[in-house]
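Residue-level structural notes
Residue-level listing of the chains:
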Amino acid sequence: GTGAPGGSHYLWQSQADTRGLVKWSGSDAAVEDANDTKLALHFAEKIKNYANSEHSDKPFFFALGLFRPHLPWNAPKQFFDMYNPDDLPLPQGYLANDLDDIPNKNGSHIFAEIKQQNVWKEGIRAYLANMSYADYNVGLILDALEASPYADNTLVVFTGDHGWALGEKEHWGKFALHDQANRTTMIVKDPDAKGNGEISRKVVSMLDLYPTLADAANLAIPSHVNGNSLSPLLAEPNDPNWTKPIVIRYNGTLIIKTNQWRLV
C-alpha cells in the first residue's frame, strides 16, 4: 500500500494532473499506523530477533522498499510542521526560452498551475515533509542495526529510483532527461571501506549495485550482469582511474554521461 494516509492539514490537489496523484496533505493519524512505519518497524524487529534465531551465525540480506516520498505526498502532520514554507528557497530560475527546444513538456502544465495558485513553496514543504518521513523510517531500521551484534559487519545501501524537479526548468515531476530527474541518492556504507563518510563525484549507475554487493560478499559476478563493482570508489571515492561512462535511455532518447560530459 501507499506509505501514509492523507489528512485534512495542508491539503492541496492538482486539477491539471489527470492521474490524480499530484496532491499532498498532513494526517493526524499515529505514525505507527502508517504503512511505511509498519514496514520499518517490521524489519527493525527482524534485525533485533535475528541474533536469537537459529540462523544467527548466517549472513542475511534484507531489501526494504519505502513508498514515500512517492506521490501523493501524504505524511503525518508532524513532518509538515518541521518546515515553514515562507522560509524555503525556490529553485533558481532559468532563461525564459529554456524549454522551447524540448518536444515533450510533461510536467510543465502542472507547474504552471502550482505557480498560478501560489502554492509553490507549499509544494516544496510537502516534498520535504515526505522526505523527512522517509528519513524517520530509515532511522528506525538503522537504530535497530546499531543496537544489534551486526552493526560492524553489515553493508548498508540507501538509494532512490530517480530524482524530482520542484520547478527547475519550469518542470514538476520526473519524466525528463534533466539531471534533476535522472540523479538520485546513493549512499553505501561498507564497514571495511576506507572511504566511508566521503563523497564521490564519479558517475555511477544503479546497474553497479548488484556487482558491488556480490563483490563485497565474495560471490562470483555472473558474466551476463552489466555494471561495475563500486569497490574501488568505496576505497578511494575520487579514484582517478574510474572513467566508466553510463548510458541512460528514455522515450527513445539516449544520454551518454561521463565524469566531465553529458551528451543527449
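Scroll up to find the structure.
Presented here is an overview of the structure given in this document. (Residues numbered from 1 in each chain as written. Predicted model: local features only at pLDDT ≥ 70, side-chain atom pairs only at ≥ 80, totals over all residues. Heavy atoms only, no water.)

With the rule as written, the count across this model stands at 16 aromatic pairs. An angle of 85 degrees between the planes, with centres 5.4 Å apart, marks the rings of Phe60 and Tyr150 as edge-to-face. Here Phe60, found in the loop between helix H1 (35-50) and strand E3 (73-76), pairs with Tyr150, found in the loop between helix H4 (120-146) and strand E4 (156-159); they are 90 residues apart in sequence, far enough to count as distant. Among the aromatic side chains, those forming a connected cluster through ring pairs are Trp12, Trp24, Trp73, Phe111, Trp120, Tyr127, Trp164 and Trp172. Between the NZ or CZ atom of Lys244 and the centre of the ring of Trp242, over which it lies, the distance is 5.2 Å. (Phe/Tyr/Trp six-rings, centres within 6.5 Å; stacked < 30°, edge-to-face > 60°. Helix = DSSP H or I, 4+ residues; strand = E, 2+ residues; numbered from the N terminus. Lys NZ or Arg CZ within 6 Å of the ring centre and 35° of its normal.)

Let us look at a nonpolar patch on the surface. Among the surface-exposed residues, Val247, Leu254, Ile256 and Leu263 lie close enough to one another that they form a single nonpolar patch of about 400 Å² accessible area. Checked against the element boundaries, Leu263 lands in strand E10 (residues 262-263). (Patch = residues over 30% accessible without salt bridge, like charges linked within 9 Å, V, L, I, M, F, W, Y side chains within 5 Å. Areas by Shrake-Rupley, 256 points an atom, 1.4 Å probe, with all protein chains shown as cover. Salt bridge = Lys/Arg side-chain N within 4 Å of Asp/Glu carboxyl O.)

Here we come to the sheet that holds strand E1 (residues 9-13). Pairing is mixed in the open sheet, where three strands are placed in the order E1-E2-E3. One side of each edge strand has no neighbouring strand; the edge strands of this open sheet are E1 and E3. Each strand axis lies, on average, 15 degrees off the axis of its neighbour in the sheet, ignoring direction. Alignment of E1 against strand E2 (residues 23-27), held across three bridges, turns out to be antiparallel. Residue Gln13 lies in a different strand from E2, and its bridge partner there is Lys23. The sheet contacts of H4 involve E1, E2 and E3, and relative to E3 the element is tilted by about 55 degrees. (Pairing = 2+ DSSP bridges. Axes fitted to C-alpha atoms, helices over the stretch in contact; angles between N-to-C directions. Contact = heavy atoms within 4.5 Å.)

Once that is clear, we can look at the pattern of salt bridges. Applying the stated criterion across every chain, the model contains four salt bridges. Measuring nitrogen to oxygen at the nearest pair gives 3.0 Å for the salt bridge that ties Asp179 to Lys257. Separated by 78 residues along the polypeptide, Asp179 in helix H5 (residues 179-182) and Lys257 in strand E9 (residues 253-257) bring together distant segments of the chain. Taking relative accessible area as the criterion, Asp179 reaches 27% and is therefore assigned partly exposed. The shortest N-O distance in the salt bridge between Asp179 and Arg262 comes to 3.0 Å. A residue pair is termed long-range when its members are at least 10 positions apart, and Asp179 in helix H5 and Arg262 in strand E10 qualify at 83 residues. A residue is classified by how much of its surface remains accessible, and Arg262, at 31% relative accessible area, is partly exposed. One salt-bridge network, held together by shared partners, links Asp179, Lys257 and Arg262. (Buried < 20%, exposed > 50% of the residue type's maximum accessible area, 1.4 Å probe, protein only.)

Pairing in this open sheet of three strands is antiparallel, and the strands run E8-E9-E10 from one edge to the other. Strands with a single pairing partner mark the edges of an open sheet, and in this sheet they are strand E8 (246-250) and E10. As paired strands, E8 and E9 are joined by five bridges and run antiparallel to one another. Directly across from Arg249, in E9, lies its bridge partner Leu254.

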